[in-house]
Amino acid sequence: MQSETYAYNLAIDVGCGNGQSTFPLAKTWKHVIGVDVSGSQIAEALAVKSNIDFRVGLAEDLYFQQDESVDLMTAGIFIHWINQPCFWKEATRVLRPGGVLAVYSFNT
Ligand SMILES: C[S@@+](CC[C@H](N)C(=O)[O-])C[C@H]1O[C@@H](n2cnc3c(N)ncnc32)[C@H](O)[C@@H]1O
């Protein structure tokens, strides 16, 4: 599917680390934002040439993002690190109606 399709407009990867979970999104999404609280992780992500908007910040406070503006939010190997009630509230605020929050991890 092409990126001009509305459902593939804006994806945010929270707790994106060095971007390894974020870069694949840029293949299909028009605009991708990666957010991580660690400046060193974001610096690593920024060292790779891409059109992703990487930012240092808290997933619980996406102040730069308007209400109901995000189509997909991904949270990989991350959800156990954070203040979940604050995060759920913020995710609910920024996701558009019908938007998707994908929380994933792995079990060893
Ligand atoms: C295990 S790493 C996962 C990185 C990436 N999602 C991946 O799959 O490779 C978890 C990341 O969450 C970040 N993190 C922890 N608390 C955070 C918060 N409140 N807001 C944003 N990022 C946070 C850490 O700095 C770390 O880079």
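So, here's what we can say about the structure. Remember, it's a predicted structure, so these values are computed and weren't measured experimentally.

Reading the values: the criteria
Residues numbered from 1 in each chain as written. Predicted model: local features only at pLDDT ≥ 70, side-chain atom pairs only at ≥ 80, totals over all residues. Heavy atoms only, no water. Near = heavy atom within 4 Å. Polar contact = N/O pair within 3.5 Å; in protein donor to acceptor, adjacent residues only side chain to side chain. Areas by Shrake-Rupley, 256 points an atom, 1.4 Å probe, with all protein chains shown as cover. Nonpolar A, V, L, I, M, F, W, Y, C, P; charged D, E, K, R; others polar. Buried < 20%, exposed > 50% of the residue type's maximum accessible area, 1.4 Å probe, protein only. Helix = DSSP H or I, 4+ residues; strand = E, 2+ residues; numbered from the N terminus. Pairing = 2+ DSSP bridges.

### Quick word on the site of the ligand
So, point 1. Taken together, 18 residues sit near the ligand, with Gly15, Gln20, Asp36, Glu60 and Gly76 positioned nearest.
So, point 2. Gly15 is positioned such that a nitrogen or oxygen atom in its backbone is 2.8 Å from a nitrogen atom of the ligand.
So, point 3. Backbone polar atom of Gly76 to a nitrogen atom of the ligand: 2.9 Å apart, as the coordinates give it.
So, point 4. Relative to its unbound accessible area of 600 Å², the ligand is 86% covered by the protein chains.
So, point 5. Considered class by class, the residues forming the shell around the ligand number 8 nonpolar, 8 polar and 2 charged.

### A look at the pairing of strand 1 (residues 10–14)
So, point 1. Of all 5 residues in strand 1, 5 are buried, a share of seventy percent or more.
So, point 2. Neither face of strand 1 is exposed, since Leu10, Ile12 and Val14 on one face and Ala11 and Asp13 on the opposite face are all buried.
So, point 3. In the sheet, strand 1 pairs with strand 2 (residues 31–36) via 5 bridges, with the strands oriented parallel. Counted as the bridge partner of Leu10 is His31 from strand 2.
So, point 4. As paired elements, strand 1 and strand 4 (residues 70–76) share 4 bridges and run parallel to each other. Each bridged residue has a counterpart across the sheet, and for Ile12 the counterpart in strand 4 is Met73.

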